[in-house]
Amino acid sequence: MKSLDSQYDAPPTISETSDPLTLHSLLDGLDHVGLDRRGTFQALDVTLWSSHDGMSTGTEARLVGTRPGNVLVVLSDFAMNQGEKLALHRALRLAGSPARTPCHVVSSRPGMRAGDTKRTYVLELQRARAA
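Residues numbered from 1 in each chain as written. Predicted model: local features only at pLDDT ≥ 70, side-chain atom pairs only at ≥ 80, totals over all residues. Heavy atoms only, no water.

Asker: Would you mind going over the sheet that holds strand S6 (residues 120–127) with me for this structure?
Answerer: The pairing of strands in a sheet comes from backbone hydrogen bonds and takes either a parallel or an antiparallel form. Strand order in the closed barrel formed by 6 strands is S1-S2-S3-S6-S5-S4, and the pairing between neighbours is antiparallel. Each strand axis lies, on average, 45 degrees off the axis of its neighbour in the sheet, ignoring direction. Inspection of the sheet shows strand S2 (residues 55–67) paired to strand S3 (residues 71–76) by 5 bridges, in the antiparallel sense. Along S3, the bridge assignment pairs Thr-66 with Leu-72. (Pairing = 2+ DSSP bridges. Helix = DSSP H or I, 4+ residues; strand = E, 2+ residues; numbered from the N terminus. Axes fitted to C-alpha atoms, helices over the stretch in contact; angles between N-to-C directions.)

Right, here's the structure in full:
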């Protein structure tokens, strides 16, 4: 019969509960699996407008998703600096939203997925709060 104290013993370590050969075999079997977390968001072509030395420049990009906190996820051909201000323009206006949305860059990183034919950057843009 077990003592009452044994039910509060520390849980077994991984090395005590798993066979490393089995774990490696399972992981090796997942090489062909590709994870794609784009979900069901319908991607939209957009234009990113930024101003430098009084001149405004627009370049094509693709809005591919949103994140909590009013963050837009955009794919572009270029990286941007964190904190940089810009405007995201959607050619197709959605009900109740302006065509141009002021934003700033939260993050910018390279991103490649199977099937991508050119260099892609993932930009996370924080929408400005309505005044």
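Asker: It is not clear to me how the side chain of Ser-76 should be interpreted in this structure. Could you clarify?
Answerer: Assignment of secondary structure puts Ser-76 in strand S3. In terms of polar contacts, Ser-76 uses its side chain to reach the backbone carbonyl oxygen of Phe-78, at 2.6 Å. When sequence neighbours within four positions are dropped, the list of residues in contact with Ser-76 reads Ala-61, Arg-119, Thr-120, Tyr-121 and Leu-123. (Polar contact = N/O pair within 3.5 Å; in protein donor to acceptor, adjacent residues only side chain to side chain. Contact = heavy atoms within 4.5 Å.)

Asker: Got a minute to help me understand the pairing of S3 in this structure?
Answerer: Every regular strand shows the same layout, with side chains that alternate between the two sheet faces. Most of S3 is tucked away: 5 of the 6 residues are buried. Counting the residues in the hairpin turn of S2 and S3 gives 3 residues, including Gly-69, whose phi is positive at 90 degrees. Pairing of S3 with S6, which is carried by 6 bridges, proceeds in the antiparallel orientation. In the strand pairing of S6, Val-71 is matched with Gln-126. (Buried < 20%, exposed > 50% of the residue type's maximum accessible area, 1.4 Å probe, protein only.)

It is worth stressing that arrangement in space is one thing and function is another; only the former is reported here.
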